[in-house]
Amino acid sequence: MKYFLLTVVIFLITKGFGQSSYQKLDSLLNKRYDEGEFSGVVVVAKGNRIQYESAIGYADIKRSIPLKPTTSFDLSSGGKLFTAIAVGLLVDDGKINFEDPINKYFPSIPQADQMTVAHVMSHQSGLTDFYKSEEFEDYSGIYSCSDLIPIIEQETLLFAPGDSVYYSTSGMILLGAIVEQVSGFSFPAFVYEHIIQP
């Protein structure tokens, strides 16, 4: 799949953005869909003007709901990139320091006095994944990263901060909650205002 996406990007760069290129792109996307190698939405824009858009496949296969150019996607771990950028922006502004202990923001996180922002950013905090917790049922009533902090506070660390590495979703949520606390924005609003919009 990653090679196919790279091929699409190279195709668009080398062939330009003429109408015949879009017809070729349509053919390529449809061929890949037919081969079971692509399902998704492709949008090409120049400035604020959409030059090309295509939606191929299903948003929900079981219910036969087709994709649309406006379909929202769960970025899953792709969202962690925005978390890292948001923290980096606040570090640049002097509002967060990578060496800040987590207890500066959330003192009830396990071993918060020994865990730093850098530990959390580099997945060396020892935190696990909130969604595996017995306390977590579903996302109903969850409207911000901060809403998940009570569950993260109940976690047992896998190791002491800095002793090992574990790819932690709870850590990224914790960083999102720090962004919310320090910036005064909800995490989505901060990302939109400071990363997407500029």
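Look above for the structure.
As the structure is a prediction and not an experimental result, all values here were calculated from the model.

Parameters at a glance
Residues numbered from 1 in each chain as written. Predicted model: local features only at pLDDT ≥ 70, side-chain atom pairs only at ≥ 80, totals over all residues. Heavy atoms only, no water. Pairing = 2+ DSSP bridges. Helix = DSSP H or I, 4+ residues; strand = E, 2+ residues; numbered from the N terminus. Expected span 1.5 Å × (residues − 1). Axes fitted to C-alpha atoms, helices over the stretch in contact; angles between N-to-C directions. Parallel < 35°, antiparallel > 145°, perpendicular 65-115°, else oblique. Contact = heavy atoms within 4.5 Å. Nonpolar A, V, L, I, M, F, W, Y, C, P; charged D, E, K, R; others polar. Phe/Tyr/Trp six-rings, centres within 6.5 Å; stacked < 30°, edge-to-face > 60°. Buried < 20%, exposed > 50% of the residue type's maximum accessible area, 1.4 Å probe, protein only. Arc of directions from axis to C-beta. Core = buried A, V, L, I, M, F, W, Y, C linked by side-chain atoms within 4.5 Å. Salt bridge = Lys/Arg side-chain N within 4 Å of Asp/Glu carboxyl O.

### Notes on the pairing of strand E1 (residues 40–46)
A regular strand carries its side chains on alternate faces of the sheet. With seven bridges connecting them, E1 and strand E2 (residues 49–56) associate as antiparallel partners. Of the residues in E2, the one forming a bridge with Gly40 is Ile56. Linkage of E1 to E2, two consecutive antiparallel strands, is achieved through a turn of two residues, within which Gly47 is found at a positive phi near 65°.

### Some details on helix H3 (residues 79–92)
With 14 residues, H3 extends 20 Å from end C-alpha to end C-alpha; this agrees with the ideal 20 Å at 1.5 Å per step. Backbone geometry just after H3 places Gly94 at a positive phi near 80°.

### Side note on the packing of H3 against helix H7 (residues 187–196)
At a minimum axis distance of 10 Å, the contact between H3 and H7 shows a crossing angle of 70°. Considering their axes alone, H3 and H7 lie roughly perpendicular with respect to each other. Taking contact as the criterion, the partners of Phe82, Thr83, Ile85, Ala86, Leu89 and Leu90 in H3 are, on H7, Phe187, Phe190, Val191, His194, Ile195 and Ile196. Its residues placed into classes, the contact of H3 with H7 shows 10 nonpolar, two polar and no charged.

### What about the packing of aromatic side chains?
Inspection of every chain in the model, using the stated rule, returns six aromatic pairs. Look at Phe130 and Tyr139: their rings are 6.2 Å apart centre to centre, the planes differ by 80°, and that puts the pair in the edge-to-face class. A ring pair is formed by Phe185 and Phe190, whose centres lie 6.2 Å apart and whose planes are at 70°; its orientation type is edge-to-face. With relative accessibility at 33%, the residue Phe185 sits in the partly exposed group. Members of the aromatic cluster, joined through ring pairs, are Phe130, Tyr131, Phe136 and Tyr139.

### Focus on the side chain of Thr83
Considering the arrangement of structural elements, one finds Thr83 in helix H3. Filtering out sequence-adjacent residues up to four positions away, Thr83 remains in contact with Met172, Leu175, Gly176 and Phe187.

### Quick notes on H7
Residues of H7 that are buried include every one of Phe187, Phe190 and Val191, and no others. Projected down its long axis, H7 carries its buried residues within an arc of 95°, all on one side. Elements in contact with the buried residues of H7: H3 and helix H6 (169–183).

### Focus: the nonpolar core
Of all hydrophobic cores here, the largest spans 31 residues; its most connected members are Ile102, Phe106, Ile109, Met115, Leu174 and Ile178. Of all the secondary-structure elements, those providing two or more residues to this core are H3, helix H4 (117–121), helix H5 (149–152), H6 and H7. Considering every element that reaches this core, the biggest residue donor is H6, with seven residues. When neighbours within four sequence positions are excluded, Ile102 is seen to be in contact with Pro107, Ile109, Ala112, Met115, Thr116, Val117, Val120, Leu174 and Ile178. Ranked by size, the runner-up nonpolar core spans eight residues in total, among them Tyr22, Phe38, Val44 and Tyr52.

### Considering the pattern of salt bridges
The full count for this structure, using the stated rule, is six salt bridges. Measuring nitrogen to oxygen at the nearest pair gives 4.0 Å for the salt bridge that ties Glu35 to Arg32. Its relative accessible area of 41% is what places Glu35 among the partly exposed residues. A salt bridge links Glu37 to Arg32; its shortest N-O distance comes to 2.4 Å. By relative accessible area, which is 35% here, Glu37 ends up partly exposed. Through salt bridges with shared partners, one network takes in Lys31, Arg32, Glu35 and Glu37.

### Considering the environment of Asp163
Inspection of the secondary structure assignment puts Asp163 in the loop between H5 and H6. Along the primary structure Asp163 and His119 are separated by 44 residues, whereas in three dimensions their C-alpha atoms are 9.6 Å apart.

Keep in mind that these numbers describe shape and distance, not what the molecule does.
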